[in-house]
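Descriptive structure summary
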Amino acid sequence: MKGLLCVSTVLVVSIVGCNSGSSDRFAPTAATPAPNAPTSVSTVTVASKKLQTTISLPAQLTPYEQVDIYPKVTGFVETVTVDRGSRVHRGQLLVKLTAPELVSQRSQADAAVKAAQSQLATAQAKLASDNGTYLHMVEAAKTPGVLAENDVLVAGQTVSADKGLVEAANQNVAAAKEALRSVSQTESYLMITSPFDGVVTTRNLHPGALIGPASGAGGAQPILQIVDDKRLRLAVPIPEAQVGDMKTGQLVSFTAPAYPGQTFKAPIERISREVDEKSRTMPVELDVKNPDGRLSPGSFTNVSWPLQRAYPTLFVPTTAVTTDQQHTFVIRVRSGKAEWVTVQTGQTVNGDIEVFGELTAGDEIVKTASDAIHSGDSVRVQNQSSSAK
């Protein structure tokens, strides 16, 4: 019985082993990896053309002329004839000051002029008298023995001294008149007039205030501020990389938040021709005519800045440029092989982007680049476009 059990066990094990081997033999075999197949890609050719587009830049309107009105002399504000929003014209009286001490200074200067003129008249009279005596003595000396020669010499020296006194008196009169003119000029500073046509935007002081050119109550702030709002400057800071070619007189479009949907135009008037070292921008000014006063100084605007180059550059679709952690590149296709070409990018125009690198016009590049395609990989061109649009 025991021997029968052993034989049965051996038979069962044998059957299981056979079934196992048979199962392995008929199981499906795993697919053998195929050799590296070329990657199918769509390509486009590199295009060469001149850049001509517009970019949006922020800018600010500023007055063509703007001035803070300060006093030139110390005095009290007597009257202010204008207020904020007043339209003024060149030479119009804005502020009248009073300074009683200037009246005293003018009286003293006037008296000094009269005193100097009196001294001049005295010197001139003495010169005339002594000169007459001298001439008489010269005539008399022609007769021998009438006058001593020394007396004639002394008379001549007296006349020369009188001439010196007259000259000095003339100089005193001129100095006194100059002092009087200076006081009169200072008095004219009490009447403050507008330096140009414009509008008053700020008024800080009122009648009775004591003001002065450097100190005193109100001396640290202007009495008024005047701006010329009929002609404005549109100051546009152009980024260094976007300066491009620009010409004086070229019209530029801009919009203002106060007038949505409306476009204004102004010519380029002033180009600084120097890049600011801090902001890396080049200030450019447009001359904006504003006869109706619609545009307000200080307003921000959005400028459609024309950007163009005088020489052709290379363009590719934006999808053809990709980047990894170290490079920005396009993938050029040559003889069925992929080749990474490092590039620098410029401006984007209608889906195309400027590229600068070791490329030439007509080079065939992958239209949709990816760092999954490595340099040296085999590629198969599936669809080719003639050029970047």
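Above this note sits the structure.
The following refers to the structure shown. (Residues numbered from 1 in each chain as written. Predicted model: local features only at pLDDT ≥ 70, side-chain atom pairs only at ≥ 80, totals over all residues. Heavy atoms only, no water.)

Moving on, we come to the nonpolar core. Leu234, Val236, Val284, Leu286 and Trp305 are the most contacted members of the largest nonpolar core, which totals 28 residues. When residues of this core are traced back to their parent elements, those giving at least two are strand S2 (47-63), strand S11 (231-239), strand S12 (251-255), strand S13 (264-271), strand S14 (281-289) and strand S15 (300-317). Considering every element that reaches this core, the biggest residue donor is S2, with 5 residues. What Leu234 contacts, discounting residues up to four positions off in sequence, is Ala59, Gln60, Leu61, Phe254, Val284, Glu285, Leu286, Val288, Thr301 and Val303. (Core = buried A, V, L, I, M, F, W, Y, C linked by side-chain atoms within 4.5 Å. Buried < 20%, exposed > 50% of the residue type's maximum accessible area, 1.4 Å probe, protein only. Helix = DSSP H or I, 4+ residues; strand = E, 2+ residues; numbered from the N terminus. Contact = heavy atoms within 4.5 Å.)

Let's shift gears to the pairing of strand S17 (residues 328-334). Among the 7 residues of S17, 5 are classified as buried, and the element is accordingly described as predominantly covered. If you look at the hairpin formed by strand S16 (residues 322-323) and S17, you'll find 4 residues sitting between the two strands. In this sheet, strand S18 (residues 337-349) lies alongside S17 in antiparallel orientation, the contact comprising 6 bridges. Residue pairing for S18: Ile331 is matched across the bridge by Trp340. Counting the residues between successive antiparallel strands, the hairpin from S17 to S18 contains 2 residues, one of them, Ser335, with a positive phi of roughly 50°. (Pairing = 2+ DSSP bridges.)

For Arg280, which is not a glycine, the phi torsion comes out positive at approximately 55°. Of note, Arg280 is situated in the loop between S13 and S14. On the basis of relative accessibility, which here comes to 38%, the residue Arg280 falls in the partly exposed class. Even without being a glycine, Asn350 presents a positive backbone phi close to 50°.

Another aspect to go through is the side chain of Arg309. Summarising the element assignment, Arg309 is placed in strand S15. On the accessibility criterion, Arg309 (14% relative accessible area) is buried. One polar contact links Arg309 to Glu354, side chain to side chain, over a distance of 2.9 Å. Contact partners of Arg309, with chain neighbours within four places excluded, come to Lys50, Leu51, Asp245, Gln347 and Glu354. (Polar contact = N/O pair within 3.5 Å; in protein donor to acceptor, adjacent residues only side chain to side chain.)

Let us now look at the pattern of salt bridges. Scanning the model with the defined rule gives 17 salt bridges in all. Here Arg231 ties to Asp287 by a salt bridge, and the two come within 2.7 Å at their closest N and O atoms. Of this pair, Arg231 sits in strand S11 while Asp287 sits in strand S14; the two residues are 56 residues apart in sequence, bridging distant segments of the chain. The exposure class of Arg231 is partly exposed, given its relative accessible area of 24%. (Salt bridge = Lys/Arg side-chain N within 4 Å of Asp/Glu carboxyl O.)

This next bit is on the environment of Leu359. Of note, Leu359 is situated in the loop between strand S19 (352-357) and strand S20 (364-366). Residue classification places Leu359 among the buried positions, given a relative accessible area of 8%. Spatially, the C-alpha atom of Leu359 lies 8.5 Å from that of Val343, the residues being 16 residues apart in sequence. In this structure Leu359 touches Val46, Leu314, Val330, Arg332, Val341 and Val343, once residues within four positions along its chain are discounted.

This next bit is on helix H2 (residues 100-140). Across its 41 residues, H2 extends 61 Å between first and last C-alpha, which sits within 8% of the 60 Å expected from 1.5 Å per residue. Among all positions in H2, only Leu102, Ala109, Val113, Ala116, Leu120, Ala123, Leu127, Asp130, Met137 and Ala140 are buried. At its buried positions, H2 is contacted by helix H3 (149-188). (Expected span 1.5 Å × (residues − 1).)

Now for the packing of aromatic side chains. Within the structure shown, the criterion is met by 3 aromatic pairs. Centre to centre, the rings of Phe254 and Phe264 are 5.6 Å apart; their planes meet at 25°, and the pair counts as stacked. Placement of the pair is Phe254 in strand S12 and Phe264 in strand S13, with a sequence separation of 10 residues. As far as burial versus exposure is concerned, Phe254 and Phe264 are alike and both buried. Centre to centre, the rings of Phe329 and Trp340 are 3.9 Å apart; their planes meet at 15°, and the pair counts as stacked. Note that Phe329 is positioned in strand S17 and Trp340 in strand S18, a separation of 11 residues in sequence. On the basis of relative accessible area, Phe329 is assigned to the buried category, the value being 0%. Take Trp340: its relative accessible area is 27%, and that puts it in the partly exposed class. Grouped by ring-pair contacts, the aromatic residues Phe254, Tyr259 and Phe264 constitute a single cluster. (Phe/Tyr/Trp six-rings, centres within 6.5 Å; stacked < 30°, edge-to-face > 60°.)

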